[in-house]
Amino acid sequence: MGKSLTISCSWLILGLLVILESHVNLQVEARAFFVFGDSLVDNGNNNYLATTARADAPPYGIDYPTHRPTGRFSNGLNIPDVMSEQLGMRPTLPYMSPELDGETLLVGANFASAGIGILNDTGIQFVNIIKITSQLRFFEQYQQRLSAIIGVESAKRLVNEALVLISLGGNDFVNNYFLLPFSPRSREFSLADYVAYLITEYKKILARLHKLGARRVLVTGTGPLGCVPAELAQHSINGECASELQRAAALYNPQLVQMINDLNRQMGATPVFYSANAFEMHMDFINDPQAYGIDASLFEDSSLLDILCFRSSLASSDLSFLFSFGSRAPRFVTSKVACCGQGPYNGLGLCTPLSNLCADRNQYAFWDAFHPSEKANRILAQQILTGTPQYMHPMNLSTIM
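Residues numbered from 1 in each chain as written. Predicted model: local features only at pLDDT ≥ 70, side-chain atom pairs only at ≥ 80, totals over all residues. Heavy atoms only, no water.

S.K.: Can you explain the state of the cysteines? Please cite residues and give values.
M.R.: In this structure the tally under the stated criterion is three disulfides. Across the disulfide from C227 sits C241; the S-S distance is 2.0 Å. Every disulfide takes its handedness from the sign of the S-S torsion; for C227 and C241 that torsion is 110°, giving right-handed. Of this pair, C227 sits in the loop between β4 (217-220) and α8 (229-235) while C241 sits in the loop between α8 and α9 (243-266); the two residues are 14 residues apart in sequence, bridging distant segments of the chain. (Disulfide = S-S within 2.5 Å. Helix = DSSP H or I, 4+ residues; strand = E, 2+ residues; numbered from the N terminus.)

And the structure:
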């Protein structure tokens, strides 16, 4: 009987390890990583600019390893950070950082700047931000600096083999078309025509990125723009998402995928651009926040520990390794209220030292009025890495790498 129980427990433990294997870090050979876009992926460039679009004061960074603000619009890590972590790559530095020099250039660079969009007039209220045209010019400058260190051919090969992430589009709606009731762009275009214009301009940006040597590019669509706490605070009565912003995302995202498909067909048999369905990724935990995370209290039950055959050797607190991936305990308790902010849904104004601040950031899908928490970023990054065609097209990052 004892021997049979031991064998059964061994198989159960083996089964758990097999399950966990799909969540552990995906190690790949070292390659550079380049990041372009807006505040969802900015890791500190705006700290070096005279702009109001900054995240350089507490409580930003409260859960970052240093527990200090870094310029990331997060309580901790953002999506590029998590991707680097999962791929076993060194995190990239902001391009504006004086530390990005010499050997650190081989890791890649983050060119993203909070507040920017596809269009150069997006985010003009933030005064001094690095527009996408400037980010691409900095990418050219980076390659010149890199060539001076490792030679032109080696620099070209490093860029060709690199992973590239670009996040654009959300600000073109939130901080442009819908910024004011009668914004200049909303007087110039119907929403459908504006979306078509954005797609045309984005295609030029991606083509330029390809011309500059990018050959493995992840393009994120917009999330559910009408469901962020900032929009709920202004437009929602009972917690329902803002319909016009949701309609904008519903128009934009399918056309983005179609444009990417068209670009890939023009560029040959091997895809260059890969679309991430950020809308569906977000809606999963917006619609059912309590499905994300694990109820750690279950493992305080001694009978369950007996069943798992861990009781004799592990205390319940030692089981934390089981939840170190992606969906950390506890579960989300809300996908509507921001952890940091003020007003309805904590969605008004900026996250500041005077704002309301939740005690457990892992229970909140949104960190501030617009940006996901680190836990949500981990869920999104995991879908980019291993998601099905519902989330990643034509394939996920683990397949690409």
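S.K.: Quick rundown of the sheet that holds strand β3 (residues 163-167)? Include the residues and the values.
M.R.: An order of β2-β1-β3-β4-β5-β8 is seen for the six strands of this open sheet, with the pairing classed as mixed. Lying at the two open borders of the sheet, with one neighbouring strand each, are β2 (108-110) and β8 (392-393). Relative to strand β5 (residues 273-276), β4 is paired through four bridges, and the arrangement is parallel. When the sheet's bridge partners are listed, L218 is paired in β5 with Y274. Along the sheet face, helix α2 (residues 79-87) touches β1 (33-37), β3 and β4 and points at about 160° away from the line of β3. (Pairing = 2+ DSSP bridges. Contact = heavy atoms within 4.5 Å. Axes fitted to C-alpha atoms, helices over the stretch in contact; angles between N-to-C directions.)

S.K.: Describe the confidence of the model for the chain, listing the residues and the values that go with them.
M.R.: Predicted confidence across the chain gives a mean pLDDT of 87, with 83% of residues reaching 70 or more. Of the regions scoring below 50 in pLDDT, residues 1-29 engages in 27 contacts with residues more than four places distant in sequence or in other chains. Segment residues 294-328: pLDDT under 50, and 48 contacts once partners within four positions in sequence are set aside and those in other chains are kept. (pLDDT = per-residue confidence, 0-100.)

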